[in-house]
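A look at the structure
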Amino acid sequence: MKFMKLGSRPDTFYTTEAVRSVSTEVSSDLIIQIKGYRYLLHKFPLFSKCLRLQRLCSESSNSSPQQLIQLPDFPGGVEAFEICAKFCYGITITLSSFNIVSVRCAAEYLQMTEEVEKGNLICKLDCFLNSCILRGWKDSMLTLQSTRSLPLWSEELGITSRCIDAIALKTQAHPSRLNWLHITSRGRDDASLCNGTESQRHRTASKGWWAEDIAELGIDLYWQTMVAIKAGGRIPAYLIGEALKIYASRWLPNICKYVNGNKHSGNDQGSEATSDITSKHRLILESIVSLLPMEKGSVSCGFLLKLLKAGNILGASYSSKIELARRVGLQLEEANVSDLLIPSLSYTNETAYDVDIVLSILEQFMQGLSPPTSPPRAKTSFEKRRRSRSAEHIDYEFQESRRSSSASHSSKLKVAKLVDEYLQEIARDANLPLSKVIALAEAIPDFARIDHDDLYRAIDIYLKSHPELSKSERKKLCRVLDCKKLSMEACMHAAQNELLPLRVVVQVLFFEHARAAVAGGQVTDLPSNIKALFVNHGDDTSRIQQQLGSKGTGPADDEWCTASGLKSPKSKLATLRMKLAEEDNDIDDNGHVRTSKLKGVFSIPSRPKRMLSKLWPSNRSVSERH
């Protein structure tokens with residue numbers, strides 16, 4: 001750490017009954033009072049260097065032998081004033097990065113300029129600051145931190161901006177080129193970096209050696225410093241993101257404990273203290289969001305979602321949360337289910353998790369992965385000549401478009417799986433409205449769900465957790481389910497699920513019949529009553545049968561379940577009977593019994609087994625029939 005000594009005389013200041021005096025043969029004729037402290041000094045040495053004291057003394061009407069001057073708003077306090085006074089007496093003073101800010105502000109207040117005397121204190125301080133302090137990393141950091149005690153004075157004198165510019169410039173340099181003399185806030189001796197190998201220095205530089213040090217700054221200074229670092233344009237975006245993550249972990253630890261019960265908090269004694277802490281953390285979070293690099297992948301999706309959780313807890317601004325949602329949407333395929341479980345603390349929302357923000361994230365994701373629609377650019381004559389030279393030449397833009405489309409499709413498959421698992425987690429919430437479940441399920445395009453097993457599990461959990469749903473609501477929910485994409489296990493469960501609407505159960509049984517027929521090498525025509533059921537519900541039976549596959553065996557990935565996998569046909573029969581009986585007793589909103597639309601299709605009360613026998617494949621084994 002650099003320091004500078006001025007003056008040559010020994011220190012003759014002493015204290016008597018809370019009064020500071022100078023031991024000289026001449027009696028004092030000036031009393032300086034600063035915040036309850038009194039200094040018995042002399043006019044000549046002080047007035048020769050301090051223009052402000054001259055003016056205050058000339059403006060005073062006091063004619064006593066000891067003239068009193070009060071300085072209630074003196075910057076830097078008694079310590080800074082005493083250093084300035086000792087400089088006037090020629091007493092040795094020591095200046096360093098710890099006290100240069102306060103002494104510089106005090107000298108400015110006393111107007112110790114070159115106009116009063118050549119080589120005055122302000123000139124010497126500025127020379128020391130520019131030539132020594134701002135050339136070292138640690139000195140620059142300590143000086144910048146010391147400006148927090150006098151922020152307005154430091155800003156006006158340009159000390160803050162000069163320190164920030166010096167620090168930003170040093171972050172862009174290689175560590176081997178820096179004047180270190182530096183011990184970080186974590187206790188690591190970085191002077192060894194200059195003596196270490198080149199590989200060690202390179203590893204340190206690649207990891208953002210400066211991030212932990214500047215994380216010790218308050219949010220105001222940190223924000224200004226990071227803006228200056230980003231403006232330099234030489235620091236990679238991922239290092240900026242790493243620095244922001246370090247700062248967030250330093251200043252936003254376990255914020256939930258400060259706002260526990262914030263959603264229904266009362267006016268207790270600690271409410272004001274909690275509010276202050278929350279406001280401070282909210283400012284930190286919003287400042288971090290404003291500093292996020294624009295480049296995709298500069299910060300992890302998990303870190304963005306943690307910020308979003310913190311933003312919900314702290315009540316961050318709408319713009320900050322929407323920006324985080326937009327950034328998460330650009331890389332949603334990297335997220336985990338636990339990351340998406342964002343607690344909802346809104347007074348108007350009784351749900352456990354904030355589903356609306358997840359819907360916003362999904363919307364941003366789908367917009368960000370839209371396939372390119374711009375037409376290919378026209379080929380120049382030079383490009384045509386190059387293409388004629390090699391038949392293997394592939395257009396670069398076309399190749400990039402295909403690569404982007406492939407990445408987009410892969411990302412949607414991952415996000416579809418993620419959303420279905422997220423639905424399973426939130427479906428247990430008793431206050432979760434049906435509309436939000438459907439909106440989440442429909443936010444994913446059909447092609448992105450290879451199978452609907454996870455979606456079926458989410459629907460089953462929701463139906464069990466919400467037994468008060470009406471029949472029409474259950475039908476509306478199950479419309480998002482595609483029975484053709486259910487596995488054998490899911491079909492077995494769905495066929496016996498008493499919570500599902502009748503139409504879904506019949507669809508499951510129908511597609512099991514069709515799958516078994518395809519697996520047996522033959523595709524029989526649909527039974528007339530099954531056709532009537534699907535026509536009644538607006539389904540195209542020819543299209544459905546066409547989707548089941550042509551004669552022969554289908555692809556391995558779409559292999560249908562055989563009838564041998566159905567363990568309990570009797571239980572399925574009982575389930576279907578119950579469903580049909582429920583459908584027969586359907587009551588409309590006016591309290592009138594309605595005739596079931598399925599009554600004309602099925603006649604369970606007369607001979608149910610004869611009708612349901614059409615749902616089972618004809619090629620069952622003898623053991624399965626009994």
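Taking an unreviewed UniProt entry as the reference, the protein is identified by name as NPH3 domain-containing protein belonging to Papaver somniferum. Here the protein is described in UniProt, under the heading Pathway (unreviewed entry), as follows: "Protein modification; protein ubiquitination." Per UniProt, the protein has the following entry under Sequence similarities (unreviewed entry): "Belongs to the NPH3 family."

In total, this model carries 14 salt bridges according to the counting rule given. Between Lys86 and Asp11 there is a salt bridge, and its shortest N-O distance comes to 2.9 Å. Of this pair, Lys86 sits in helix α3 (residues 77–89) while Asp11 sits in the loop between β1 (3–6) and β2 (13–16), placing them 75 residues apart in sequence. Residue classification places Lys86 among the buried positions, given a relative accessible area of 13%. Judged by its relative accessible area of 47%, Asp11 falls in the partly exposed class. Of the charged contacts, one joins Lys484 and Asp482 as a salt bridge, the two residues approaching to 3.1 Å between their closest N and O atoms. Overlapping salt bridges bring together Asp11, Arg20, Glu82 and Lys86 as one network.

It is worth spelling out unusual backbone geometry at this point. In this model, Lys35 sits at a positive phi of 50°, which is unusual for a non-glycine residue. The topology assignment puts Lys35 in the loop between β4 (30–34) and β5 (37–41). Backbone geometry at Gln111 places phi at a positive 60°, although glycine is not the residue there. Mapped onto the secondary structure, Gln111 falls in the loop between α4 (100–110) and α5 (121–131). You can call Gln111 partly exposed: its relative accessible area is 21%.

With that settled, the discussion passes to the pairing of strand β6 (residues 67–70). Residues Gln67 and Ile69 of β6 are buried on one face, while the alternating residues Leu68 and Gln70, pointing to the opposite face, are not. Bridge count between β4 and β6: four bridges; the pairing is parallel. Note on β6: the bridge partner recorded for Gln33 is Gln70.

To continue, consider helix α18 (residues 355–368). Between its first and last C-alpha, α18 extends 20 Å over 14 residues, near the 20 Å set by a 1.5 Å rise per residue. The set of residues buried in α18 consists of Val355, Ile357, Val358, Ile361, Leu362 and Phe365. End-on view of α18: buried residues confined to an arc of 160°, all on one side of the axis. Sitting at the head of α18, Asp354 places a side-chain oxygen 3.3 Å from the backbone nitrogen of Asp356.

Turning to the packing of aromatic side chains, a few remarks are in order. If you walk through the whole model with that rule in mind, you get ten aromatic pairs. Geometrically, the ring pair formed by Trp137 and Trp209 is edge-to-face, given 4.9 Å between the ring centres and 70° between the ring planes. With a gap of 72 residues between them, Trp137 in helix α6 (residues 137–146) and Trp209 in the loop between α10 (198–206) and α11 (211–214) connect regions that are remote in the sequence. Take Trp137 and Trp209: they sit in the same class, and that class is buried. Relative to Trp251, the ring of Tyr247 lies with its centre 5.9 Å away and its plane at 40°, an arrangement referred to as tilted. In this pair, Tyr247 and Trp251 are both assigned in helix α13 (residues 237–251), four residues apart and thus about one turn of the helix distant. What makes Trp251 buried here is its relative accessible area of 17%. Taken together, the ring pairs in this structure connect Phe13, Tyr39, Phe74, Phe81, Tyr89, Tyr109 and Trp153 into an aromatic cluster. One residue, Lys86, lies across the ring of Phe13, its end atom 5.7 Å from the ring centre.

All right, on to the sheet that holds β2 then. Overall, mixed pairing links the five strands, which are arranged β2-β3-β5-β4-β6 in an open sheet. Taken across any chain shown, the strands that pair with only one partner, and hence form the sheet edges, are β2 and β6. On average, each strand axis in the sheet is inclined to that of its neighbour by 25°, with strand direction left out of account. In this sheet, β5 lies alongside strand β3 (residues 19–22) in parallel orientation, the contact comprising three bridges. Along β5, the bridge assignment pairs Ser21 with Leu40. Along the sheet, α3 contacts β2, β3, β4 and β5; its crossing angle with β5, the most-contacted strand, is approximately 5°.

In this section: the packing of helix α12 (residues 219–232) against α13. Remark: α12 packs on α13, axes separated minimally by 12 Å, with the N-to-C direction vectors making an angle of 170°. Put simply, α12 runs roughly antiparallel to α13. Here Ile219, Tyr222, Met226, Ile229 and Lys230 of α12 come into contact with α13, specifically with Ile240, Ala243, Leu244 and Tyr247. Partitioning the contact of α12 with α13 into residue classes produces eight nonpolar, no polar and one charged.

Here the focus is the packing of α18 against helix α21 (residues 434–442). It is at 10 Å that the axes of α18 and α21 come closest, and there the two elements cross at 20°. Taken together, the axis directions place α18 and α21 in an arrangement best described as roughly parallel. Crossing of α18 over α21 shows left-handed handedness. Note on element contacts: α21 touches α18 through Lys436, Ala439 and Leu440, opposite Val355, Asp356, Val358, Leu359 and Leu362. The residue makeup of the contact of α18 with α21, split by class, is six nonpolar, no polar and two charged.

Analysis parameters
- Residues numbered from 1 in each chain as written.
- Predicted model: local features only at pLDDT ≥ 70, side-chain atom pairs only at ≥ 80, totals over all residues.
- Heavy atoms only, no water.
- UniProt positions renumbered as here; feature names shortened; annotations may be inferred.
- Salt bridge = Lys/Arg side-chain N within 4 Å of Asp/Glu carboxyl O.
- Helix = DSSP H or I, 4+ residues; strand = E, 2+ residues; numbered from the N terminus.
- Buried < 20%, exposed > 50% of the residue type's maximum accessible area, 1.4 Å probe, protein only.
- Pairing = 2+ DSSP bridges.
- Expected span 1.5 Å × (residues − 1).
- Arc of directions from axis to C-beta.
- Polar contact = N/O pair within 3.5 Å; in protein donor to acceptor, adjacent residues only side chain to side chain.
- Phe/Tyr/Trp six-rings, centres within 6.5 Å; stacked < 30°, edge-to-face > 60°.
- Lys NZ or Arg CZ within 6 Å of the ring centre and 35° of its normal.
- Axes fitted to C-alpha atoms, helices over the stretch in contact; angles between N-to-C directions.
- Contact = heavy atoms within 4.5 Å.
- Parallel < 35°, antiparallel > 145°, perpendicular 65-115°, else oblique.
- Nonpolar A, V, L, I, M, F, W, Y, C, P; charged D, E, K, R; others polar.
- Left-handed = near helix turned anticlockwise from the far one by under 90°.

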